[in-house]
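Coordinates in review
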Amino acid sequence: GGGGGGGGGGGGGGAEEAAAARAAEEKELAKMMMSRKKRRLYDRMQHGIQKKAVAADALRAKRASLEAAAASAKPPSGKAKGGGKSARRKA
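Now for a look at the structure at hand. Just so you know, these numbers come straight off a predicted model, no measurement behind them.

This paragraph deals with the side chain of K31. Of note, K31 is situated in helix α1 (residues 14–33). According to the relative accessible area criterion, K31 is buried, its value standing at 16%. Residue contacts for K31: discarding those within four places in its chain leaves R39, Y42 and D43.

Shown next as structure tokens:
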């Protein structure tokens, strides 16, 4: 299952917070109206989506750290050699 959450931050996003709270409440109400079978399927789908997002974030962080290490290891050269995104051919 999911949880509610979020504390009160300071500052000005009052209208946005109210809209987000309203959207979350509507989502909860819609979920309550689902049959048990559909609700379970929905929860499992959301769990899979979250799991995929966490894995993607981990890979992005790993890529950023590798690129930072590679950039600090060698001085930047004038021309691009090898296969970066700019060197790829369009099919």
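Still to come is the rest of the account.
Turning our attention to the packing of α1 against helix α2 (residues 36–73). The interhelical angle for the contact between α1 and α2, taken along N-to-C directions, is 135°, at an axis separation of 8 Å. Judged on the interaxial angle alone, α2 and α1 are oblique. In contact with K27, K31 and M32 of α1, α2 contributes R39, Y42 and D43. Per-class residue counts for the contact of α1 with α2 are 2 nonpolar, no polar and 4 charged.

Definitions and cut-offs
- Counting from 1, residues in each chain are numbered in the order their sequence is written.
- The predicted origin of the model limits local features to residues at a pLDDT of at least 70 and limits the giving and counting of side-chain atom pairs to 80 or more, whereas totals for whole chains, interfaces and linings rest on all residues.
- By convention in this description, side-chain values take in all heavy atoms of the structure and omit both hydrogens and water.
- Helix and strand assignments come from DSSP, with helices taken as H or I runs of at least 4 residues and strands as E runs of at least 2, each series counted from the N terminus.
- Relative accessible area decides the class of each residue, using a 1.4 Å probe on protein chains only: under 20% of the type maximum gives buried, over 50% gives exposed, and in between gives partly exposed.
- Contacts are assigned to residue pairs with any non-hydrogen atoms lying within 4.5 Å of each other.
- Axis lines are fitted through C-alpha atoms, for helices just across the contact stretch, and the angle between N-to-C directions can take any value from 0 to 180 degrees.
- For classification purposes, an angle smaller than 35 degrees is called roughly parallel, one larger than 145 roughly antiparallel, one from 65 to 115 roughly perpendicular, and anything else oblique.
- For this classification, the nonpolar set comprises Ala, Val, Leu, Ile, Met, Phe, Trp, Tyr, Cys and Pro, the charged set comprises Asp, Glu, Lys and Arg, and every other residue, Gly included, is treated as polar.

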